[in-house]
Amino acid sequence: MSLLGAIRDYRDLRAFSPEEASALCGELRERIIDVVLDRGGHLASSLGAVELIVGLLRLFDPAEDRIIFDVGHQAYAYKILTGRDDVFNTLRTWGGISGFPKHRESPFDHFDVGHSSTSLSAGLGYAKARDIRGESHEVVAFIGDGALLNGLALEALNNVKSADTKLIIILNDNEWSINRKVGGLAECLARMRSHSSYRRLKAFIKEHCRNLPKGEGIEAFLGRVKDHVKAVLQPSNFFEELDISYWGPFDGHDLEDIETVLALARRYDRPVLIHFLTEKGRGYRPAEENPTKFHGISCRPDPSLPKEPPLPSWSSAVCDVLRERAAADPRVVALTAAMMEGSKLNAFARDFPDRFFDVGIAEGHLLTFAAGLAAGGLRPVATIYATFLQRAMDQLVEDIAMQGHPVIVAVDRAGLVGEDGETHHGLLDVCWGRAVPGLAMMAPRDVIDLQAMFDYAFTLAGPSMIRYPRGCAPLVVGPEIRPDIASGRAQCLVEGEETLLIGYGSTIPLLLEAQQRCLFLGLPSPSVVDLRFLKPLDWTSLDDWISTHRRVLIVEEGYAAGSIGEALGAHIATQGLSIDFKVIAVADAYIPQGTQEEQWKSCGFSVETLLSQIRPCHVSTAP
Ligand SMILES: Cc1ncc(C[n+]2csc(CCOP(=O)(O)OP(=O)(O)O)c2C)c(N)n1
Ligand SMILES: CC(=O)[C@@H](O)[C@H](O)COP(=O)(O)O
Ligand SMILES: [Mg+2]
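Everything numeric here is computed off the predicted structure, so don't read it as measured data. (Residues numbered from 1 in each chain as written. Chains lettered and ligands numbered in written order. Predicted model: local features only at pLDDT ≥ 70, side-chain atom pairs only at ≥ 80, totals over all residues. Heavy atoms only, no water.)

## Looking at the pattern of salt bridges
Step number 1: Taken as a whole and assessed by the stated rule, the structure comprises 38 salt bridges.
Step number 2: Measuring nitrogen to oxygen at the nearest pair gives 3.0 Å for the salt bridge that ties Asp9 to Arg11.
Step number 3: Looking at Asp9, the relative accessible area reads 27%, which means it is partly exposed.
Step number 4: Notably, a salt bridge pairs Lys79 with Glu105, separated by 2.9 Å at the nearest N-O pair. In this pair, Lys79 sits in helix α5 (residues 76-84) while Glu105 sits in the loop between α5 and α6 (119-132), placing the two residues 26 residues apart along the sequence.
Step number 5: Judged by its relative accessible area of 1%, Lys79 falls in the buried class.
Step number 6: The exposure class of Glu105 is partly exposed, given its relative accessible area of 26%.
Step number 7: Members of the salt-bridge network, linked through shared partners, are Arg445, Asp446, Asp449, Arg482, Asp530 and Arg532. (Salt bridge = Lys/Arg side-chain N within 4 Å of Asp/Glu carboxyl O. Buried < 20%, exposed > 50% of the residue type's maximum accessible area, 1.4 Å probe, protein only. Helix = DSSP H or I, 4+ residues; strand = E, 2+ residues; numbered from the N terminus.)

## Some points on a nonpolar patch on the surface
Step number 1: A surface patch of nonpolar side chains, about 240 Å² in accessible area, is lined by Leu311, Leu475 and Val476.
Step number 2: Along the polypeptide, Val476 turns up in the loop between β11 (464-467) and β12 (491-494). (Patch = residues over 30% accessible without salt bridge, like charges linked within 9 Å, V, L, I, M, F, W, Y side chains within 5 Å. Areas by Shrake-Rupley, 256 points an atom, 1.4 Å probe, with all protein chains shown as cover.)

## Quick look at the coordination of the magnesium ion (ligand 3)
Step number 1: Coordination of the magnesium ion (ligand 3) by the protein is provided by Asp145 (OD), Asn174 (OD1) and Trp176 (O), with metal-donor distances spanning 2.0 to 2.1 Å.
Step number 2: Each donor residue of the magnesium ion (ligand 3) lies on the same chain, and together they follow the pattern D-x28-N-x1-W.
Step number 3: On the accessibility criterion, Asn174 (9% relative accessible area) is buried. (Donors = N, O, S within 2.8 Å, 3.2 Å for Na, K, Ca; no water.)

## As for the environment of Asp109
Step number 1: With respect to the helices and strands, Asp109 occurs in the loop between α5 and α6.
Step number 2: Residue classification places Asp109 among the buried residues on the basis of a relative accessible area of 4%.
Step number 3: Discounting chain neighbours no more than four positions away, the residues touching Asp109 are Tyr78, Lys79, Arg84, Pro101, Lys102 and His103.
Step number 4: Of the polar contacts made by the side chain of Asp109, one reaches the side chain of Arg84; its length is 2.7 Å. (Contact = heavy atoms within 4.5 Å. Polar contact = N/O pair within 3.5 Å; in protein donor to acceptor, adjacent residues only side chain to side chain.)

## Regarding the UniProt feature "binding site: thiamine diphosphate" (unreviewed entry) in the chain
Step number 1: According to UniProt, the positions carrying the feature "binding site: thiamine diphosphate" (unreviewed entry) are His73, Gly114, His115, Ser116, Gly146, Ala147, Asn174, Tyr284 and Glu363. What stands out for the annotated residues spanning 291 residues is how far apart their C-alpha atoms range, the widest pair being 31.5 Å apart.
Step number 2: Relative to the elements of secondary structure, Ser116 occurs in the loop between α5 and α6.
Step number 3: In this structure Ser116 comes out as buried when scored by relative accessible area, which is 9%. (UniProt positions renumbered as here; feature names shortened; annotations may be inferred.)

## A closer look at the sheet that holds β11
Step number 1: Ordered by their spatial adjacency, seven strands build an open sheet running β7-β6-β8-β9-β11-β10-β15, and the pairing between neighbours is mixed. One side of each edge strand has no neighbouring strand; the edge strands of this open sheet are β7 (356-358) and β15 (533-535). Looking at each pair of strands side by side, their axes are set apart by 20° on average, direction ignored.
Step number 2: As paired elements, strand β6 (residues 332-336) and strand β8 (residues 379-385) share four bridges and run parallel to each other. Across the sheet, the residue bridging to Val332 is Arg379, located in β8. (Pairing = 2+ DSSP bridges. Axes fitted to C-alpha atoms, helices over the stretch in contact; angles between N-to-C directions.)

Here it is, written out as structure tokens:
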């Protein structure tokens, strides 16, 4: 029987010999590789963290101690070892387990994650709560070298001293974010990787740990560590300056090293950061060689499905537009917050290296930096996933919109995103964006409108937001001829009767499909309208269209609360119109992982749901 198969409980790990523990790491890697190549997921990060997780579970007890992951995309081995091996093959599927820690999934997942750089703040909170409640468990925050460079993590580091509590920080340094990590602090960390004084400190800790007497002597030893730290640290260490003991760097794949130092950390009474060096993708050659490609991979394509020539993704269509604009206008610059790969900006970065900025995982900074670039006379396009825009709403309001800076915020992954699940959906940008004075908001249904909207946004003197979903961008949807985008007009794609179907962006193909199905079923054809502009809304056209229909259905890939539908409903009510009105949007809930299709269906984005709304109207008019 395999070692993994023999484990009934993570506590069994403690009885493993060092050889068995290290063999177990090999088995965990095989399991992760098998499932993730099939299901998709965050392969490279999880492979790199296996020994650290095994070490943690041999030294700490998550039933008592709190282990908090950052982003949570590296925690697959933890899931497997804390009772989820038998369901691990349901990873990221509808009804299966999440790709991220979830406290509702397991009592050993102490903090839900997905967005980065929260582990230190949450860890400090847990630690302080422990102190105030007079408890004595350990709190461990596990953070990657990319996530550590985010403002939130730095704020937490700054707070460690005044919080005056013990926190163990595991820094999992694999030298990568999704792409290479960037910035001055990244370089500072890189220097620590090789600085000889840190190596001497490591040698000191290892040597003394081995001979550390149990119980007695620990305080004296720790005093010596402190003195030694002072003696060897030249130049000053960023973490030590913040009053956080820095230990390392250690080999994050050497279980003996890991366990030695974790054992010491348990007995230490101060906040400590332990710097481990790991290899992203460890144990799977393609991922070791290309950690960016294997950071996150999709599920294996179904071989029974016909292979259609792939359409460009929305992200690459945007990159094409930006390259074209940048070639024509030297003021155009493009920005990302650590998502160059996902936002498909590689070609822009290659063609315009001086006009491309990856600011690291720093969404707030991204938007204020863009505001400064615009104020300085450039035409910045800040690309950002809708979910991560949540981190920067303040900057969108205060630094961009309120001051009227002509920044284009290109909102990628707007809507339901599939397998990453609830932490990664972009369902709030419309409700919030709509409320921001002075912000123009658009949503293209195809590449033609995408180009037109960017062209138009570049002519504006103020800020704009263009939202598009995860997935492929259709080249043309509906009529190719359309109202000039500068008119701000919505477009009626199909003139029908009785029912008016309204949508924008991703929901337009669905509305057209429903309209076609009505024709097929012999029902009256509904009208179909694409809003194109979410702010300002084209009220004049809408009033005309609404007044000639008996039923209005608006379908939006965003939360219903604060939706365009909500505004439309209020408008219809104030006009005192007697019209059947319904909003199909995402209900007041978090939508779990699954395919985008499954999530769409669960939210009522299906032809069947639309037909069920359209039919009663028809039935009521039947003789
Ligand atoms: C707020 C936020 N911005 C961006 C991301 C996307 N993202 C997920 S993992 C990651 C890289 C994290 O690097 P690191 O912490 O070093 O972990 P590694 O993948 O190297 O293990 C990024 C940018 C995110 N999850 N949250
Ligand atoms: C963990 C994380 O936040 C990213 O890796 C995210 O999963 C990327 O999503 P896409 O696959 O949509 O680029
Ligand atoms: Mg990293």
